[in-house]
Amino acid sequence: MASSSSSLKAISTFTTTPSQTPPPSSLSKASLVSFLNTTTSSPISLKLSHSFSPSHLRSNDSTLSLLVTNALKTAESSSLSSSNLTKSPSSDPKPTILVSEKLGEAGLEVLRAFGNLECVYNLTPEELCLKISACDALIVRSGTKVTREVFEASKGRLKVVGRAGVGIDNVDLQAATEFGCLVVNAPTANTIAAAEHGIALLTSMARNVAQADASMKAGLWKRNKYVGVSLVGKTLAVMGFGKVGSEVARRAKGLGMHVIAHDPYAPADRARAIGVDLVSFDQAISTADFVSLHMPLTPTTAKVFNDDTFSKMKKGVRIINVARGGVIDEDALVRALDSGVVAQAALDVFTEEPPSKESKLVQHENVTVTPHLGASTKEAQEGVAIEIAEAVVGALQGELSATAVNAPMVPPEVMSELSPYVVLAEKLGKLAVQLVAGGSGITSVRVVYKSARDPDDLDTRLLRAMITKGIFEPISTSFINLVNADFVAKQKGLRISEEKVTVDSSPEFPVDSIQVHISNVDSKFASSVSENGSISIEGKVKYGEPHLTCLGSFGVDVSLEGNLILCRQVDQPGMIGKVGNILGTQNVNVSFMSVGRTILKKAIMAIGVDEEPSKETLTKIGDVSAIEEFVFLKL
């Protein structure tokens, strides 16, 4: 790492525990801003306290009038009297909680004990908009669309939306944040149910249970047609080793299967503890007899199982999917089934739900299907009900929920000053994690903040959250922010340590530079490894924009925007022209090029491109004799 004149004034090691996120009452101002859960630092609407605790209304609080004004906004809902769905304002101090879809009785009891509970199902969008103006909380499943219009109709009264389940595709998070409404979900209660359903599909597919059942009910007796395969000694590849994936692995081990897993961010020691080997993506799909999918649907994983992926698999492989339908290219899977590359598939999820009646995939004789039943057990439904009810009640009491997916609260002056560094922190997290080679579990990240200010004057919670966001969010369904960043890091076995180093720079700026070091991992790009063996990068804010200034031992000056190609090359004339010509002939627009040099006549060439080059283009760049290694990064 490039050195600078500095002295280590303070070192703060942060162990990722949820309890270290301070409650709202520890913040200096009642008027707080919502940090939008996006890659931008655009602010943001004022968010007043949502707590119903009387202790928040102290008579000497200068913001009392603001809090009272916010509370009185509920009076505006009285004007919406055109429908019997609207509720007249009440002097009852209890919050009103609307449940718009069926919820387990255990969860309803938690809600009744805290507030005024209303269960009204099958609301039209118009009816929901009228009803919401008299509600402080809304709990939905997947059927209710909580749109921007719903938040607008609430006129600021709606304080929390609870999603009884994991996915939050039906909630407009951007609008929720803008209107100061917290969104929470229930991500853990259905883990066992989903894992059990995965095993059920695995075993029933292997023994043709569904097909044999349908055959007998049609009056047939075809024992020879439905000869199955044994599971003992077969290799199962678990693609995504999170909560559900690890539980499937445990159960498959009990069936006598050899289990491998691919998850570049799962700790290797956690996998070893249950007898599972973490391997690369290609190794997993090429050696498995069965492939069970448990990865989230993100831009990175969308249709990751496609023609190219299936062509690398063993002939006769069997696929199970209880995760998200969009990770499979369904047309490609039909082709793989027809050719015999994939012998069978067992699917609980689909790209479009419900799938069309004419779906070739659903109708295929070698496919077993269920209508998204992964979480559909009585026990899971009750667990989800309790989990979401407790999260909503906690939010209404002013607590910071570990399952919040938006709207952490930051004092406005801190947000304003740190806004350009927020973008830098997330970009550095994204860049660092893409330099980690597949199969390497990330367990330790060290972050160094260089600043001219006293370490005690630098609040790094937001920056740490954004680095965590950059590391995990591209490959996870988690929406990471100040509220849940530390919880997610701990849950995934990641330890983040922070150091604050005083340097001789201008105290006008809160941060001079940020370094991110990832230890005990292999790198896709050897030049990113520093002398101490860790992947090391450093960045600064220049002219208001994030820049990469150091990569391993190489000094660089690279704008962190768009997509980036990094090449280590022998430092010789004409290299920029050669690479630029390759990109130009393939119609790839280059936004910038820069070269950083070392004393060993090696150089790092950084190329900014507007779109992702094809594999053919990248191969041509790698074939240039003077280029020793290269990597493509999405920022």
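Data block above holds the structure.
These numbers were taken from a predicted model, which means no experiment stands behind them.

Scoring rules and cut-offs
Residues numbered from 1 in each chain as written. Predicted model: local features only at pLDDT ≥ 70, side-chain atom pairs only at ≥ 80, totals over all residues. Heavy atoms only, no water. Helix = DSSP H or I, 4+ residues; strand = E, 2+ residues; numbered from the N terminus. Buried < 20%, exposed > 50% of the residue type's maximum accessible area, 1.4 Å probe, protein only. Contact = heavy atoms within 4.5 Å. Areas by Shrake-Rupley, 256 points an atom, 1.4 Å probe, with all protein chains shown as cover. Phe/Tyr/Trp six-rings, centres within 6.5 Å; stacked < 30°, edge-to-face > 60°. Lys NZ or Arg CZ within 6 Å of the ring centre and 35° of its normal. Pairing = 2+ DSSP bridges. Polar contact = N/O pair within 3.5 Å; in protein donor to acceptor, adjacent residues only side chain to side chain. Salt bridge = Lys/Arg side-chain N within 4 Å of Asp/Glu carboxyl O. Expected span 1.5 Å × (residues − 1). Axes fitted to C-alpha atoms, helices over the stretch in contact; angles between N-to-C directions.

Help me understand the overall build of the chain, please; the structure alone is not making it clear to me.
When helices and strands are tallied, the chain shows 19 helices and 26 strands. Within the span of the chain, comprising 635 residues, buried residues form 52% of the whole. Within the chain, contacts between residues at least 6 apart in sequence are counted, and of these 69% link residues at least 24 apart. Entry remark: accessible area of the chain is about 27,500 Å², with carbon and sulfur atoms responsible for 52%.

What is the right way to read the packing of aromatic side chains from this model?
For any pair of aromatic rings, the description consists of the separation of the ring centres together with the inter-plane angle of the planes. Taken as a whole, this structure holds 1 aromatic pair when the rule is applied. Between Phe-281 and Phe-305, the aromatic rings sit 5.8 Å apart at their centres with planes inclined by 45 degrees, giving tilted as the arrangement. One end of the pair, Phe-281, is in helix 10 (residues 281-287); the other, Phe-305, is in the loop between strand 12 (290-293) and helix 11 (307-311), with 24 residues separating them in the sequence. Residues Phe-281 and Phe-305 agree in their burial class; the two are buried. Of note, Lys-492 hangs over the ring of Phe-472, and the distance from its end group to the ring centre comes to 5.7 Å.

Sorry, what's going on with the sheet that holds strand 10 (residues 258-262) here?
Through backbone hydrogen bonds, the strands of a sheet pair up, either in parallel or in antiparallel fashion. What the 7 strands build is an open sheet, ordered 11-10-9-12-13-14-15; its pairing is parallel. Two strands bound the open sheet, and with one partner strand each, they are strand 11 (277-278) and strand 15 (367-369). Note that strand 10 and strand 11 share 2 bridges and pair parallel. Residue pairing in the sheet places Ile-260 in a bridge with Asp-277 of strand 11.

Any chance you could explain unusual backbone geometry here in plain terms?
Most of the time, phi is negative for any residue but glycine, and the peptide bond is trans. With an omega of -5 degrees, the peptide bond between Glu-353 and Pro-354 qualifies as cis. Tracing the backbone through its elements, the reader meets Pro-354 in the loop between strand 14 (342-347) and helix 13 (360-363). At Asn-520, a position not held by glycine, the phi torsion is positive, near 60 degrees. Structurally, Asn-520 is set in the loop between strand 19 (513-518) and strand 20 (535-542). Overall, Asn-520 belongs to the exposed group, its relative accessible area being 70%.

Got a minute to help me understand the environment of Ser-513 in this structure?
Assignment of secondary structure puts Ser-513 in strand 19. For Ser-513, a relative accessible area of 1% corresponds to the buried category. With 36 residues separating them in the primary sequence, Ser-513 and Thr-549 have C-alpha atoms 8.9 Å apart. Residues within four places of Ser-513 in sequence aside, it is in contact with Val-448, Tyr-449, Lys-450, Glu-538, Gly-539 and Lys-540. One polar contact links Ser-513 to Glu-538, side chain to side chain, over a distance of 2.7 Å.

Explain the pattern of salt bridges here, please?
Between side chains of opposite charge, a pair can form as their charged atoms come close. Applying the stated criterion across every chain, the model contains 26 salt bridges. Across the salt bridge formed by Glu-426 and Lys-430, the nearest N and O atoms sit 3.9 Å from each other. In this pair, Glu-426 and Lys-430 are both assigned in helix 15 (residues 412-434), 4 residues apart and thus about one turn of the helix distant. By relative accessible area, Glu-426 is classed as buried at 5%. A single network of salt bridges, built from pairs that share partners, joins Asp-282, Asp-308, Lys-312 and Lys-615.

How do you make sense of the side chain of Thr-301 when you look at a structure like this?
Note on placement: Thr-301 falls in the loop between strand 12 and helix 11. Judged by relative accessible area, which is 10%, Thr-301 ranks as buried. The residues contacting Thr-301, other than those within four sequence positions of it, are Met-295, Pro-296, Gly-326 and Val-327.

Explanation requested: helix 6 (residues 191-206) in the structure shown.
Given 3.6 residues per turn, any residue in an α-helix points the same way as the ones three and four places further on. Spanning 16 residues, helix 6 covers 23 Å between terminal C-alpha atoms, matching the ideal 22 Å at 1.5 Å per step. Where burial is concerned, most of helix 6 is hidden: 12 out of the 16 residues are buried. Those residues of helix 6 that sit buried are Thr-191, Ala-193, Ala-194, Ala-195, His-197, Gly-198, Ile-199, Leu-201, Leu-202, Ser-204, Met-205 and Ala-206. Trailing helix 6 by a residue or two, Asn-208 shows a phi angle of about 55 degrees, which is positive.

Explain the environment of Asp-169 to me, please; I cannot follow it from the model alone.
Position of Asp-169 relative to the elements: it lies in the loop between strand 7 (160-163) and helix 5 (173-178). Taking the C-alpha atoms as reference points, Asp-169 and Lys-145, separated by 24 residues in sequence, lie 8.7 Å from one another.

Hey, could you run me through the sheet that holds strand 4 (residues 96-99) in this one?
With parallel pairing, 5 strands are arranged side by side in an open sheet as 5-4-6-7-8. In this open sheet, the two strands that pair with only one neighbour each are strand 5 (116-119) and strand 8 (182-185). Pairwise comparison of adjacent strand axes, ignoring direction, gives a mean angle of 20 degrees for this sheet. Its contacts with the sheet put helix 14 (residues 378-396) on strand 4, strand 6 (137-140), strand 7 and strand 8, and the angle it makes with strand 7 is roughly 170 degrees.

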